[in-house]
Amino acid sequence: MATTTKIRPRALVRASGGPRYAVALAVDALGTGLLRPFLLLYGVTVLRLSAPATGIAMTVGIVVGLVCMPAVGRWLDRGARSTVVAASMLVRALGVALLLATPAGHVWLFATAALFLGIGNQAWPAAHAALVATVAHGRERDAALAGGRALRNAALGAGALLATACLAGGTTALQALAAVTGLAYLAAAALAWSVHLRAHPAAAPAEDTADGPAPRMRALLAANVVYVFCLNVPEIALPLVLVTQLHASPVWSAAIFVANTVLVVTLQVPVTVLMSRFPRRTVLALAGVVLAASYLGFLAATSLGHGWGAPAVATVSVVCTIGEIIYAGSATALVTALAPAHVLGRALARFELSTGFGLAVSPAAITALAPHGPAALWGSLAAATLLSASAVATEKDQGARLDGCRSVIRRAGLRRAG
């Protein structure tokens, strides 16, 4: 198995789809950072909707947006690549246009806008991963996927910082940010479409796997629902624990979120390259162990009380971020390696369904467990994540079983021929 031992920026950009596609990713993420963190605020302040109604509309948009994934998978399996990426950006531009056209008090129009934004947000990761899997192969593909995530996080953070600086302008500033976001989506879609990348539906498998049905990956998909909780730990779980249980200043939550973003941007590619020395499934199982250890660390940190609790939580959050980085660098890469090329789109769509479902249910699960105490929250997360890591480690790859059967058949045929 080939490994990537060096980080070559030019080769990484080329493996990620080329310079134009990298610019498209940056512009798209910058626009997303301008609006997505403040979409709830837009509904409450600009459209004068109640906070519960706004939150429900956003949740419904995310969940219903998952329904599009089977169609996205089939479209990708017909060979489309850059067109699907561009379409996911255009759909979000339509959502922003609807948002700007929504009169105050019209919750259903806001919900429709959130739906289009949700469709684009759900379709993009699978389309991007399929495009990168078409351009790059082996461990170079893993590094390219990691580079795309690092670039996207950097642009998201820059957009959010810029939007925060503009919020003093009130509702007018929020509307202006939404308009700029729509323009960014349109520009990014044009750049992505201009790459004109397609894959032949009958192309060679993603990584020397046999042409066969889409791998079931039942344990991997179920485990991914639990793994993805780590993405909402810095945004939901830690602020909730710090403010309501440790009575710490909100500054701690902001510092942890910024540190998480900086670590992902700076370490995603190096850690993914470092982990390329090991099988992807082993690395993904390791990610679960690291995440579970960080959850137990949070449990210990919260027991320290008001004085030392917040600094201890901030320290443990670094371990949690390392687990997130290892998970993000191996999960999608494992799916692209397991799936034969002619069903790569459907495999990625199923994986994104599990990711979207985990992201949708994790806020409710975290907020339901937190009032029962630190042991209920962090103990449950640690146990579930360790169980998921065990399931990932023990699941047998369908491609490996097929290759083994074919090797037996070939050996039997050689013996008969002899």
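Remember, it's a predicted structure, so these values are computed and weren't measured experimentally.

Participant: Account for the overall build of the protein chain, with residues named and values stated.
Facilitator: From N to C terminus, the protein chain includes 17 helices and zero strands. Scored against the burial criterion, the 418 residues of the protein chain give a buried share of 50%. Element-wise, carbon and sulfur atoms account for 71% of the exposed surface of the protein chain, whose accessible area totals about 17900 Å².

Participant: Describe helix α10 (residues 218–227), and please don't skip the residues or the numbers.
Facilitator: Burial analysis of α10 places seven of its ten residues in the buried class, the great majority of the element. If you check which residues of α10 are buried, you get L220, L221, A223, N224, V225, V226 and Y227. Elements in contact with the buried residues of α10: α13 (280–302), α14 (305–338), α15 (344–369) and α16 (374–394).

Participant: An account of the packing of helix α11 (residues 233–244) against α15 is requested, with residue identities and associated values reported.
Facilitator: Following both chains from N to C, one finds α11 and α15 inclined at 15°, their axes separated by 10 Å at the closest point. Considering their axes alone, α11 and α15 lie roughly parallel with respect to each other. Considering how the two elements wind past one another, α11 and α15 form a crossing that is right-handed. Contacts from I236, A237 and L240 of α11 reach α15 at P363, I366 and T367. Its residues assigned to classes, the contact of α11 with α15 shows five nonpolar, one polar and no charged.

Participant: Explain the pattern of salt bridges to me, using residue names and the numbers behind them.
Facilitator: Considering all chains together, one arrives at seven salt bridges under this definition. As a salt-bridge pair, D28 and R152 come within 2.9 Å of each other at their nearest N and O atoms. A residue pair is termed long-range when its members are at least 10 positions apart, and D28 in helix α2 (residues 19–35) and R152 in helix α8 (residues 138–166) qualify at 124 residues. With a shortest N-O distance of 2.6 Å, R149 and E324 are connected by a salt bridge. Here R149, found in helix α8, pairs with E324, found in helix α14; they are 175 residues apart in sequence, far enough to count as distant. For R149, a relative accessible area of 18% corresponds to the buried category. One network of salt bridges, with partners in common, ties together D28, R92 and R152.

Participant: Break down the packing of α8 against α14 for me, citing the residues and quoting the values.
Facilitator: At a minimum axis separation of 9 Å, α8 and α14 run at an interaxial angle of 130°. Put simply, α8 runs oblique to α14. Crossing geometry of α8 relative to α14 is assigned as right-handed. On the side of α8, the interface is formed by R141, D142, L145 and R149, while α14 contributes E324, I325, A328, T332, A333, T336 and A337. Classifying every residue of the contact of α8 with α14 gives five nonpolar, two polar and four charged.

Participant: Quick rundown of the side chain of Q268? Include the residues and the values.
Facilitator: Relative to the helices and strands, Q268 resides in helix α12 (residues 250–275). Its relative accessible area of 1% is what places Q268 among the buried residues. Engagement of the side chain of Q268 in a polar contact is seen with the side chain of R149, the distance being 2.4 Å. When neighbours within four sequence positions are excluded, Q268 is seen to be in contact with A146, R149, A150, L263, I325, A328 and G329.

Participant: Explain the nonpolar core to me, and be specific about the residues and the numbers.
Facilitator: Core analysis: the biggest nonpolar cluster contains 85 residues, and Y227, Y295, F298 and W378 have the highest contact counts within it. For this core, the leading source of residues is α14, giving 14 residues. If we ignore the near neighbours within four places in the chain, the residues touching F298 are V233, L238, V313, V316, S317, C320 and W378. Grouped together as the second largest cluster of nonpolar side chains are 21 residues, F38, L47, L49 and A57 included.

Participant: Can you tell me about the packing of aromatic side chains, naming the residues and giving the values?
Facilitator: The final tally for this structure, using the stated rule, is three aromatic pairs. Ring centres 5.5 Å apart and planes at 35° place the aromatic pair Y227 and Y327 in the tilted group. Pair noted here: Y227 is in helix α10 and Y327 is in helix α14, with a separation of 100 residues, a long-range link. Judged on exposure class, the residue Y227 and its partner Y327 are both buried. Cation over ring: R152 sits above W124, and NZ or CZ is 4.3 Å from the ring centre.

Calculation notes
- Residues numbered from 1 in each chain as written.
- Predicted model: local features only at pLDDT ≥ 70, side-chain atom pairs only at ≥ 80, totals over all residues.
- Heavy atoms only, no water.
- Helix = DSSP H or I, 4+ residues; strand = E, 2+ residues; numbered from the N terminus.
- Buried < 20%, exposed > 50% of the residue type's maximum accessible area, 1.4 Å probe, protein only.
- Areas by Shrake-Rupley, 256 points an atom, 1.4 Å probe, with all protein chains shown as cover.
- Contact = heavy atoms within 4.5 Å.
- Axes fitted to C-alpha atoms, helices over the stretch in contact; angles between N-to-C directions.
- Parallel < 35°, antiparallel > 145°, perpendicular 65-115°, else oblique.
- Left-handed = near helix turned anticlockwise from the far one by under 90°.
- Nonpolar A, V, L, I, M, F, W, Y, C, P; charged D, E, K, R; others polar.
- Salt bridge = Lys/Arg side-chain N within 4 Å of Asp/Glu carboxyl O.
- Polar contact = N/O pair within 3.5 Å; in protein donor to acceptor, adjacent residues only side chain to side chain.
- Core = buried A, V, L, I, M, F, W, Y, C linked by side-chain atoms within 4.5 Å.
- Phe/Tyr/Trp six-rings, centres within 6.5 Å; stacked < 30°, edge-to-face > 60°.
- Lys NZ or Arg CZ within 6 Å of the ring centre and 35° of its normal.

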